[in-house]
Amino acid sequence: MALSSLLAAPLSARPVRIDIPAADLGDALFALSRQTGLSVGMAGAIPRHRTRPISGTIEPAAALERLLRGSGLRAVRAAGLWRLERLPREVTRSGFVGPTEAIEDIIVTGTKRDENLASVPIAVSLMRPGIADRLLYGRGLHDMIETGEGAFATNLGPGRDRIFLRGVADSAFNGPTQSTVSLLLDDARVSYATPDPDLRLVDIDHVELLRGPQGTLYGTGALGGIIRIVPNKPDLADGSGFAAIDAGVTRHGAASGAIEGGINVPLVRDRLAIRMVGYAERIGGWIDDAGRGERNVNRTARYGGRLALRWQATPDWMVDLGGAIQGINSDDSQYAARGLVRSTALAEPHDNDFVALTATIRGVVGAFDFVSASAFVHHEVESVFDAGAVAAARGLPAPLGFSDMRRLRLGTQEWRLSDPAATRPWVLGLALLKADNIYLGRFFAPGGGALQDISLHDDAIEAALFGEASQPLGGALTATLGLRGFYSKVDNEQQGQTRRRARKAGVTPSATLSWAPRDGALAWLRYASAIRPGGLNPDGAPDLADFRSDDLKSVELGWRLLLWRRVRLNGTLFGLRWENIQSDSIGTDGLVRTINAGKGRNIGLELGGSVDLSPWSIDAHLTVQHARLYAPSAAANAAGDDNRLPVLPDRAGRVKIGYDRVIAGIPAGLFVAARYMGKARLSFDPGLARSMGGYWTADAGLVVAPADWRVALTVSNLFDGRGDSFGFGNPFSLRQFDQHTPVRPRTVSIRIERKF
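Residues numbered from 1 in each chain as written. Predicted model: local features only at pLDDT ≥ 70, side-chain atom pairs only at ≥ 80, totals over all residues. Heavy atoms only, no water.

> Where do I start with the overall build of the protein in this structure?
When helices and strands are counted, the protein shows seven helices and 42 strands. Taken over the C-alpha atoms alone, the protein extends approximately 90 × 60 × 50 Å along its principal axes. Buried residues in the protein amount to 57% of all 756 residues. For the protein, long-range pairs separated by at least 24 residues make up 66% of all intrachain contacts whose partners lie at least 6 apart in sequence. (Helix = DSSP H or I, 4+ residues; strand = E, 2+ residues; numbered from the N terminus. Buried < 20%, exposed > 50% of the residue type's maximum accessible area, 1.4 Å probe, protein only. Contact = heavy atoms within 4.5 Å.)

Structure below.
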């Protein structure tokens, strides 16, 4: 065995000529062993699986990895041999699975190539929600991402929030600009210039966060990074299902509850299957309105579902079709004037309706992997505000309401080829995007009838050719270069004005130098960039009629390290420069407009890690950053020494301690977690520079998992804190009195799941 290990190491690393036709996995492995001398074995029978053809000069280990794709197996090297094991289907820890846990077993595709997370030279966080997480972070991405480093979100209310990564935050307000983070549902982009749809994370395999600009692979709008939600796929072999029920009670507020269910049905075994998921939720309110004499006004209902169909057309071609629908209806806003109380003349309801249709085709063209990803999205968001504070200035009667409606129709298409298992992995693609973005503002009297209308229509088209390739340099060094050439055209049409057109063409490059001296150790130095096109403002003043494109460039030094198989450490030291920052701001008339705020930069450090001291475990992360506007424009109206970028705290962190044991044959676990959010401010404008943040919250939970049942009990905001989270309230009265958005009071929840 010692001799074979000495011989196998150079053998598995040296490229050799391999020619294996498409065949059953067992036959293909026999051919690989005969042609390369690679020894491969498995305890038990090798499952039936049709492999793809391989031809060329390839490293034997890379060829083995290619043969195992889609088989449900992985190869583990042991004493010079390669042992086949089944991929783990489920993580059994009761708590949150962070970016450092079970890292060897996770394949991510956020880089548009199938790569093991341990070897990806990018700041990636991976979240896999467990039963306790579904209670604590049931709202969706808004709650869950804040458990990872370098991720922040506003807290305006369900379906109204903005998400920020890597210290790239422009504003807490929702204006006509593209988001700084691109949201993907599986392989398709589903966001553009609307708030986060706040999808409930039901039947989700994992969520990938790529921090830092991703303009090379993902185009305009990915200044801070991307978030990719990966649902569980239909299982072609076995039927299954699940059902769950939640219940919770909030101190000073109303009760909450939710039901979920899903089923997987193979229609033609190993060829065709469907997977269906549905859910409904009621979130009890905790804000009282003294002016209208109502309690718990910010009640919210959310309902939705997904349908997925998977067709294994041939051994080499797979088709995935999907549809997702969700509606959020909030009875009122969740800001307060003092404590948990405010006073308004009108209710301020909010609706967020989201529909997405996706289609992904995967196959083999020659020796290369081919992917076609398509999506169509209809996203409509409407918010109503009490606008009585500006009634006199507009010459309108009070009481006065204002309806802010945004409607997005988004179509995306991408084709790409890749060879991730090659000695020099590469990807090449073509991407198309068409976004029809409509803004409708309407002042109205409570009794009915529009008094004034404002409208803006943006029609955007983008086409891009992109590519990325890696080249081993020797000495465990690898260089990766990427480039995206793009052309974008935006037609802006505003009520009563002539249509205007803005064009922009350019390139967004990236370059990475990575070093992997051994298994479990990786370091990298990366440069990346991204841009956002400019546009028009609705009802803009002459000096704010339009805004220019902004662009961002970033350098990061990152590392990922495994020590003694129990300690995992990852971190990123980064610096970024942001030109012509597009920032949404509220005018004295209460309307949101976009300005170019000037030049900004951010220097920061993101740290994360875990320690496995079974049965104990510790997970922690820390973000320290210095995000500042160093050259403000006249439009930013910035004054004084406080030039912080909005929403971003200089310091934030979280620590979680877990304990997992099997008691009387039943797996059980408990955990406690504490999170700190540093101080931040709302806006560049001194008149709106409200202070936020600077608070602690704590959570705790207990999970019991007998057989196919799972039961979780959690307590969020354990000490019932009143921290002012990242929200602002009513844009029309914000300048007239103090408004804050308290974190949700202490909430005790229970969840029961049954799998079948």
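So that's the structure; there's more coming.
> Would you explain the pattern of salt bridges in this entry?
Think of it this way: side chains of opposite charge can pair up when their charged atoms draw near. Here the structure, examined in full by the defined rule, presents 47 salt bridges. Arg-166 is paired through a salt bridge with Glu-556; the nearest N and O atoms lie 2.9 Å apart. Highlighted residues: Arg-166 in the loop between strand 10 (163-165) and strand 11 (181-185) and Glu-556 in strand 32 (residues 550-563), separated in sequence by 390 residues. Residue classification places Arg-166 among the buried positions, given a relative accessible area of 0%. With a closest N to O distance of 3.0 Å, Arg-292 and Asp-289 form a salt bridge. Judged by its relative accessible area of 1%, Asp-289 falls in the buried class. Counted as one network, the salt bridges with shared partners bring together Asp-186, Asp-187, Glu-208, Arg-228, Lys-233, Arg-362, Glu-414 and Arg-416. (Salt bridge = Lys/Arg side-chain N within 4 Å of Asp/Glu carboxyl O.)

> I'm lost on the confidence of the model for the protein in this one. Help?
Mean pLDDT for the protein: 85, with 90% of residues reaching 70 or above. Counting interchain partners and residues more than four positions distant, the pLDDT-below-50 stretch residues 1-12 has 19 contacts. The model gives residues 89-104 a pLDDT under 50, and that stretch makes 48 contacts with residues more than four places away or in other chains. (pLDDT = per-residue confidence, 0-100.)

> Can you help me understand the packing of aromatic side chains in this one?
Each aromatic ring pair is summarised here by two numbers: the centre-to-centre distance and the angle between the ring planes. One pass over the structure, following the stated rule, counts nine aromatic pairs. Taking 5.0 Å as the distance between ring centres and 70° as the angle between the ring planes, the aromatic pair formed by Phe-368 and Trp-426 counts as edge-to-face. With Phe-368 in strand 23 (residues 368-386) and Trp-426 in strand 25 (residues 426-444), the pair connects residues that are 58 residues apart, well separated along the chain. Judged by its relative accessible area of 32%, Phe-368 falls in the partly exposed class. Measuring from ring centre to ring centre gives 6.0 Å for Phe-443 and Phe-732, while their planes differ by 65°; the resulting arrangement is edge-to-face. In this pair, Phe-443 is assigned in strand 25 and Phe-732 in the loop between strand 41 (709-716) and strand 42 (747-755), connecting sequence segments 289 residues apart. Of the aromatic side chains, those joined through ring pairs into one cluster are Phe-385, Phe-402, Phe-443 and Phe-732. Across the ring face of Phe-671, the terminal group of Lys-656 is positioned such that the distance to the ring centre comes to 5.0 Å. (Phe/Tyr/Trp six-rings, centres within 6.5 Å; stacked < 30°, edge-to-face > 60°. Lys NZ or Arg CZ within 6 Å of the ring centre and 35° of its normal.)

> Would you mind showing me how to read the environment of Gln-452 here?
Inspection of the secondary structure puts Gln-452 in strand 26 (residues 450-474). As a C-alpha pair, Gln-452 and Pro-649 span 197 residues in sequence and 38 Å in three-dimensional space. The contact partners of Gln-452, leaving out residues within four places of it in the chain, are Arg-394, Leu-396, Gly-441, Arg-442 and Phe-443.

> Honestly, a nonpolar patch on the surface in this entry has me stumped. Any pointers?
On the surface, a cluster of nonpolar side chains totalling about 880 Å² of accessible area is made up of Ile-245, Val-249, Ile-259, Leu-670, Leu-702, Trp-709, Val-711, Leu-713, Val-748, Ile-750 and Ile-752. For the nonpolar patch, the elements supplying multiple residues, two or more each, are strand 15 (240-250), strand 41 and strand 42. Counting through the fold element by element, Leu-702 comes out in strand 40 (residues 691-704). The exposure class of Leu-702 is partly exposed, given its relative accessible area of 39%. (Patch = residues over 30% accessible without salt bridge, like charges linked within 9 Å, V, L, I, M, F, W, Y side chains within 5 Å. Areas by Shrake-Rupley, 256 points an atom, 1.4 Å probe, with all protein chains shown as cover.)

> Is there a simple way to think about the nonpolar core in this case?
Side chains of a nonpolar character, in soluble globular proteins, are inclined to be buried together. Counting residues in each nonpolar core, the largest one holds 36 residues, and the members touching the most others are Phe-173 and Leu-645. The biggest single contributor to this core is strand 33 (residues 567-579), with three residues. With residues up to four places along the chain from it excluded, the contact list for Phe-173 reads Arg-162, Asp-584, Ser-585, Ile-586, Val-592, Leu-682, Ser-683, Leu-688, Phe-728 and Leu-734. Counting residues in hydrophobic clusters, the runner-up holds 31 residues, among them Leu-183, Val-207, Ile-227 and Val-490. (Core = buried A, V, L, I, M, F, W, Y, C linked by side-chain atoms within 4.5 Å.)

> Looking at this structure, how should I read unusual backbone geometry?
If a residue is not glycine, its phi is most likely negative; likewise, a peptide bond is most likely trans. Here the residue pair Ala-398 and Pro-399 is connected by a cis peptide bond, since its omega of -5° sits within 30 degrees of zero. Note that Pro-399 resides in the loop between helix 7 (391-394) and strand 24 (401-418). A cis geometry characterises the amide bond from Ser-614 onward to Pro-615, with omega recorded as 10°. Along the chain, Pro-615 falls in the loop between strand 36 (598-613) and strand 37 (616-632). One non-glycine residue, Asp-198, adopts positive backbone phi at about 60°. Its location among the elements puts Asp-198 in the loop between strand 12 (188-189) and strand 13 (204-211).

> Help me out: how do you make sense of the packing of helix 2 (residues 25-36) against helix 3 (residues 60-68) in this one?
In helix packing, the relevant descriptors are the interaxial angle and the interaxial distance, both defined with respect to the helix axes. Taken N-terminus to C-terminus, the directions of helix 2 and helix 3 make an angle of 175°; their axes are 11 Å apart at the nearest point. Between helix 2 and helix 3, the crossing angle belongs to the class labelled roughly antiparallel. Residues Leu-25, Ala-28, Leu-29, Leu-32 and Thr-36 of helix 2 pack against Pro-60, Ala-63, Leu-64, Leu-67 and Leu-68 of helix 3. Class assignment of the residues belonging to the contact of helix 2 with helix 3 gives a composition of nine nonpolar, one polar and no charged. (Axes fitted to C-alpha atoms, helices over the stretch in contact; angles between N-to-C directions. Parallel < 35°, antiparallel > 145°, perpendicular 65-115°, else oblique. Nonpolar A, V, L, I, M, F, W, Y, C, P; charged D, E, K, R; others polar.)

> Looking at this structure, how should I read the pairing of strand 39 (residues 666-681)?
Two faces belong to every sheet, and in a regular strand the side chains alternate between them. As judged from the twelve bridges shared by strand 38 (residues 651-663) and strand 39, these two strands associate in the antiparallel manner. Along strand 39, the bridge assignment pairs Gly-653 with Tyr-676. Pairing of strand 39 with strand 40 involves 13 bridges; the strand directions are antiparallel. In the sheet register, Tyr-676 faces strand 40, and the bridge partner there is Trp-696. (Pairing = 2+ DSSP bridges.)

> Would you explain the sheet that holds strand 13 in this entry?
The five strands lie next to each other as 8-13-14-11-12, forming an open sheet whose pairing is mixed. Here the strands that pair on one side only, and so sit at the sheet edges, are strand 8 (124-127) and strand 12. With four bridges joining them, strand 8 and strand 13 adopt antiparallel strand pairing. Bridging from a neighbouring strand, Ser-125 pairs with Leu-209 of strand 13.

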